[in-house]
Amino acid sequence: MQKFVLIILSIMCFFSCSKAQETVSEKNEVSKGKKMLIVYLSRTKNTKTVAEIIQKNIGGDLVELILENPYPENYKAIVEQVTNENETGFLPPLKTKIENIEKYDVVFIGFPTWGMKLPPPIKSFLKQYNLKGKTVIPFNTNAGYGIGSSFDTVEELSLESKILEGFTIKGGIERDGILFVMEGKKKIEVEKKVKEWLTKIGMSK
Ligand SMILES: Cc1cc2nc3c(=O)[nH]c(=O)nc-3n(C[C@H](O)[C@H](O)[C@H](O)COP(=O)(O)O)c2cc1C
């Protein structure tokens, strides 16, 4: 009789244990189901910090966009070069190569505002890689003047993608010598705001 009860208990445990495992793996499937890429351009690491916070919250691959020919260190010189590139439509070549971009479902694209516009290297990225059918989500830091036309340009260059509401927050003010600000209280504030935004757009884990 004891043996019989033991056998019945083992059978019951087998089924309930495998059911529990199924639930866990199903859950993983939901979060794993979407392949996330977080690409960003960052000169003074403010946008980079936001990118890292996004990755901490949702996972995914983090990729920094590096240029073949880096911009000048000097602020006035970079402003001049970017103005020139915007006028001529020059697309700076990217050193960063992204393997198998087709495997991603969701692409977060981060950048600072430059001259109230989308930085030319992000235009290079959007022209070089086909994001057709993917979900594209912009995020941004700026000196307090906002996104300018940058999010609109992302939309214009990703006509066949689904664009979700972007995120923007004040970062450095390089013009005034304020470079990296994403530490201490500011970082905590950014972490909170990023979390809220990810939840709002349905991208939190
Ligand atoms: C070339 C250049 C142009 C910029 N133009 C603007 C601008 O038009 N509006 C603004 O609010 N901030 C502007 N900024 C400031 C950056 O957007 C801000 O410092 C941002 O947080 C930098 O991000 P990063 O640390 O990821 O490079 C500019 C910075 C640079 C280098």
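Residues numbered from 1 in each chain as written. Predicted model: local features only at pLDDT ≥ 70, side-chain atom pairs only at ≥ 80, totals over all residues. Heavy atoms only, no water.

## Concerning the overall build of the protein chain
Turning to step 1, where the next piece is worked out: For the protein chain, the helix and strand inventory stands at 6 helices and 6 strands.
Turning to step 2, where the next piece is worked out: Listing the helices and strands of the protein chain from first to last along the sequence gives α-β-α-β-α-β-α-β-α-β-β-α.
Turning to step 3, where the next piece is worked out: For the protein chain, with 205 residues in total, the buried portion stands at 39%.
Turning to step 4, where the next piece is worked out: Long-range contacts, defined here as pairs at least 24 residues apart, represent 80% of the contacts in the protein chain between residues at least 6 apart.
Turning to step 5, where the next piece is worked out: In the structure as shown, the protein chain presents an accessible area of about 12400 Å², 55% of it carried by carbon and sulfur atoms. (Helix = DSSP H or I, 4+ residues; strand = E, 2+ residues; numbered from the N terminus. Buried < 20%, exposed > 50% of the residue type's maximum accessible area, 1.4 Å probe, protein only. Contact = heavy atoms within 4.5 Å. Areas by Shrake-Rupley, 256 points an atom, 1.4 Å probe, with all protein chains shown as cover.)

## Quick word on the nonpolar core
Turning to step 1, where the next piece is worked out: Within the largest apolar cluster, 26 residues are counted, with the highest numbers of intra-cluster contacts made by Ile109, Phe125 and Leu131.
Turning to step 2, where the next piece is worked out: Mapped onto this core, the elements with two or more residues apiece are strand S1 (36-40), helix H3 (75-88), strand S3 (106-112), helix H4 (120-128) and helix H5 (150-156).
Turning to step 3, where the next piece is worked out: In this structure, leucine 131 is in contact with Ile101, Val107, Ile109, Phe125, Leu126, Val136, Glu160 and Ser161, ignoring residues within four places of it in sequence.
Turning to step 4, where the next piece is worked out: Grouped together as the second largest cluster of nonpolar side chains are 22 residues, Met36, Phe139, Val194 and Ile201 included. (Core = buried A, V, L, I, M, F, W, Y, C linked by side-chain atoms within 4.5 Å.)

## With respect to the packing of helix H2 (residues 46-58) against helix H6 (residues 184-200)
Turning to step 1, where the next piece is worked out: In contact at an axis separation of 10 Å, H2 and H6 are set at 55 degrees when each is read in the N-to-C sense. Of the possible angle classes, the one that applies to H2 and H6 is oblique. Note on packing geometry: the crossing formed by H2 with H6 is right-handed. Contacts from Thr49, Val50, Ile53, Ile54, Lys56, Asn57 and Ile58 in H2 reach Lys187, Val190, Glu191, Val194, Lys195, Trp197 and Leu198 in H6.
Turning to step 2, where the next piece is worked out: Class assignment for the residues of the contact of H2 with H6 results in 8 nonpolar, 2 polar and 4 charged. (Axes fitted to C-alpha atoms, helices over the stretch in contact; angles between N-to-C directions. Parallel < 35°, antiparallel > 145°, perpendicular 65-115°, else oblique. Left-handed = near helix turned anticlockwise from the far one by under 90°. Nonpolar A, V, L, I, M, F, W, Y, C, P; charged D, E, K, R; others polar.)

## As for the side chain of serine 124
Turning to step 1, where the next piece is worked out: Inspection of the secondary structure puts serine 124 in helix H4.
Turning to step 2, where the next piece is worked out: A polar contact is formed between the side chain of serine 124 and the backbone oxygen of proline 92, at a distance of 2.7 Å.
Turning to step 3, where the next piece is worked out: For serine 124, the residues in contact, after removing those within four places along its chain, are Leu91, Pro92 and Leu94. (Polar contact = N/O pair within 3.5 Å; in protein donor to acceptor, adjacent residues only side chain to side chain.)

## Concerning the site of the ligand
Turning to step 1, where the next piece is worked out: Around the ligand, the structure places 23 residues, and the nearest of them are Ser42, Arg43, Thr44, Thr47 and Met116.
Turning to step 2, where the next piece is worked out: Measuring from an oxygen atom of the ligand, one finds a side-chain N or O atom of serine 42 at 2.5 Å.
Turning to step 3, where the next piece is worked out: Separating an oxygen atom of the ligand from a backbone N or O atom of lysine 45 is a distance of 3.2 Å.
Turning to step 4, where the next piece is worked out: Listing elements by their share of the shell around the ligand, those giving two or more residues are H2, H3 and strand S4 (135-142). (Near = heavy atom within 4 Å.)

## A short note on H6
Turning to step 1, where the next piece is worked out: Between its first and last C-alpha, H6 extends 25 Å over 17 residues, near the 24 Å set by a 1.5 Å rise per residue.
Turning to step 2, where the next piece is worked out: The set of residues buried in H6 consists of Val190, Val194, Trp197 and Leu198. Down the axis of H6, the sector holding all buried residues measures 95 degrees, keeping them to one side. Away from its buried face, by an angle of more than 90 degrees, H6 presents the exposed residues Lys185, Ile188, Lys192, Thr199 and Lys200.
Turning to step 3, where the next piece is worked out: On the buried face of H6, the contacting elements are H2, S3, S4 and strand S6 (167-170).
Turning to step 4, where the next piece is worked out: Among the residues trailing H6, glycine 202 stands out with phi positive, at a value near 75 degrees. (Expected span 1.5 Å × (residues − 1). Arc of directions from axis to C-beta.)

## So, the side chain of threonine 135
Turning to step 1, where the next piece is worked out: Secondary-structure assignment places threonine 135 in strand S4.
Turning to step 2, where the next piece is worked out: Relative accessible area serves as the criterion here: at 14%, threonine 135 is assigned to the buried category.
Turning to step 3, where the next piece is worked out: The residues contacting threonine 135, other than those within four sequence positions of it, are Asp105, Val106, Val107, Lys162 and Leu164.

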